[in-house]
Amino acid sequence: MLKEDFVGSWQLIDYVTRLSDGTCIEPLGGEPYGLGTYTADGWMSAHLMRRHRSPLGSARPALDEVAPNLLAATAAGYIGYAGRYTIDADAGRVIHHVEAAFLPDWVGTDMIREYRFEDDILTLRPPAVGGTTSVLRWRRAI
């Protein structure tokens with residue numbers, strides 16, 4: 001039954017990071033947009049972004065002609081990756097095996113997330129890094 005709990009599309013509710021000093025930040029702003037998908041045959045995809053990013057001025061821009069600061073700001077407001085996934089129910093973890101990603105360094109890595117289901121909310125927690133913790137809450141898309 002557990003895999004069926006994941007299967008479907010999920011919309012990001014919020015993404016909050018607590019720094020080691022207790023300060024909370026929202027890495028993608030107060031109104032992030034995200035879509036996550038888990039398929040029954042073991043594939044996943046996650047795309048998260050800052051909702052109000054500056055447009056590049058064209059639907060098909062030549063990236064080498066975009067001002068570097070604008071391109072950097074656009075990139076800083078986006079997270080995306082996809083690949084297979086496995087569930088370790090005993091540890092309460094889902095593992096995203098990254099095969100494609102916006103950040104090339106993520107390709108070939110495993111993104112481990114503790115999970116919890118509460119009604120139609122899926123909470124994912126990446127491992128803490130240097131005392132910094134993050135929580136991403138997703139609502140099942142209707």
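Residues numbered from 1 in each chain as written. Predicted model: local features only at pLDDT ≥ 70, side-chain atom pairs only at ≥ 80, totals over all residues. Heavy atoms only, no water.

## Examining the overall build of the chain
Counting secondary structure elements, the chain contains two helices and nine strands. Secondary structure of the chain in N-to-C order comes out as α-β-β-β-β-α-β-β-β-β-β. Relative to its length of 142 residues, the chain is compact, with a C-alpha radius of gyration of 16 Å against a globular reference of 14 Å. Along the longest, intermediate and shortest principal axes, the C-alpha atoms of the chain span 50 × 40 × 30 Å. For the chain, buried positions account for 27% of its 142 residues. Intrachain contacts of the chain at a sequence separation of at least 6 include 48% that bridge at least 24 residues. A total accessible area of about 8,600 Å² is found for the chain, and carbon and sulfur atoms account for 54% of it. Averaging the positions of the 14 positive and the 18 negative side-chain charges in the chain gives two centres separated by 3 Å. (Helix = DSSP H or I, 4+ residues; strand = E, 2+ residues; numbered from the N terminus. Rg over C-alpha atoms; globule rule 2.2 N^0.38 Å. Buried < 20%, exposed > 50% of the residue type's maximum accessible area, 1.4 Å probe, protein only. Contact = heavy atoms within 4.5 Å. Areas by Shrake-Rupley, 256 points an atom, 1.4 Å probe, with all protein chains shown as cover. Lys, Arg positive; Asp, Glu negative; His and termini not counted. Charge placed at Lys NZ, Arg CZ, Asp CG, Glu CD.)

## Structural notes on the side chain of T74
Following the sequence through the fold, T74 ends up in helix 2 (residues 68–76). Within polar-contact distance, the side chain of T74 engages the backbone oxygen of L70 at 2.9 Å. The contact partners of T74, leaving out residues within four places of it in the chain, are R53, S54 and L56. (Polar contact = N/O pair within 3.5 Å; in protein donor to acceptor, adjacent residues only side chain to side chain.)

## Let's talk about the layout of surface pockets
Size it by volume and the largest pocket reaches roughly 390 Å³. Along the walls of the largest pocket sit 26 residues, with Y15, Y81, R113, P126 and L136 positioned nearest its centre. Broken down by secondary-structure element, the contributors of at least two residues to the lining of the largest pocket are strand 1 (8–18), strand 3 (33–38), strand 4 (43–49), strand 5 (78–88), strand 7 (110–118), strand 8 (121–125) and strand 9 (133–140). (1 Å grid on protein atoms, 1.4 Å probe; cavity = no way out; pocket = protein on both sides within 12 Å on 5 of 7 lines; lining within 4 Å. Points joined across faces, edges and corners; volume = space filled by probe spheres on them.)

## With respect to unusual backbone geometry
You will see that D119, though not glycine, has its phi angle at about 55°, which is positive. Summarising the element assignment, D119 is placed in the loop between strand 7 and strand 8. D119 gets classed as exposed once you look at its relative accessible area, which sits at 77%.

## What to know about the pairing of strand 1
Here strand 1 runs beside strand 3; their pairing, made up of four bridges, is antiparallel. Directly across from G8, in strand 3, lies its bridge partner Y38. The pairing of strand 1 with strand 9 spans eight bridges and is classified as antiparallel. Note on strand 9: the bridge partner recorded for V16 is V135. As paired strands, strand 1 and strand 2 (residues 24–25) are joined by two bridges and run antiparallel to one another. For T17, the partnering residue across the bridge sits in strand 2 and is I25. (Pairing = 2+ DSSP bridges.)

## Structural notes on the nonpolar core
In this structure, Y38, L48, V94, L122, L124 and W138 are the most contacted members of the largest nonpolar core, which totals 19 residues. For this core, the elements supplying multiple residues, two or more each, are strand 1, strand 4, strand 5, strand 6 (93–101), strand 7, strand 8 and strand 9. Excluding anything up to four places from it in sequence, V94 contacts F6, Y38, Y85, T86, I87, M111, I112, R113, Y115 and L124. (Core = buried A, V, L, I, M, F, W, Y, C linked by side-chain atoms within 4.5 Å.)

## Some thoughts on the side chain of R113
Inspection of the secondary structure assignment puts R113 in strand 7. D110 provides the closest opposite charge to the buried, unpaired R113, separated from it by 10 Å. (Salt bridge = Lys/Arg side-chain N within 4 Å of Asp/Glu carboxyl O.)

## Observations regarding the pairing of strand 7
Note that strand 6 and strand 7 share five bridges and pair antiparallel. For H96, the partnering residue across the bridge sits in strand 7 and is M111. Taken together, the five bridges between strand 7 and strand 8 define a ladder with antiparallel strand orientation. Looking at the pairing, R116 lines up with T123 of strand 8. Counting the residues in the hairpin turn of strand 7 and strand 8 gives two residues, including D119, whose phi is positive at 55°.

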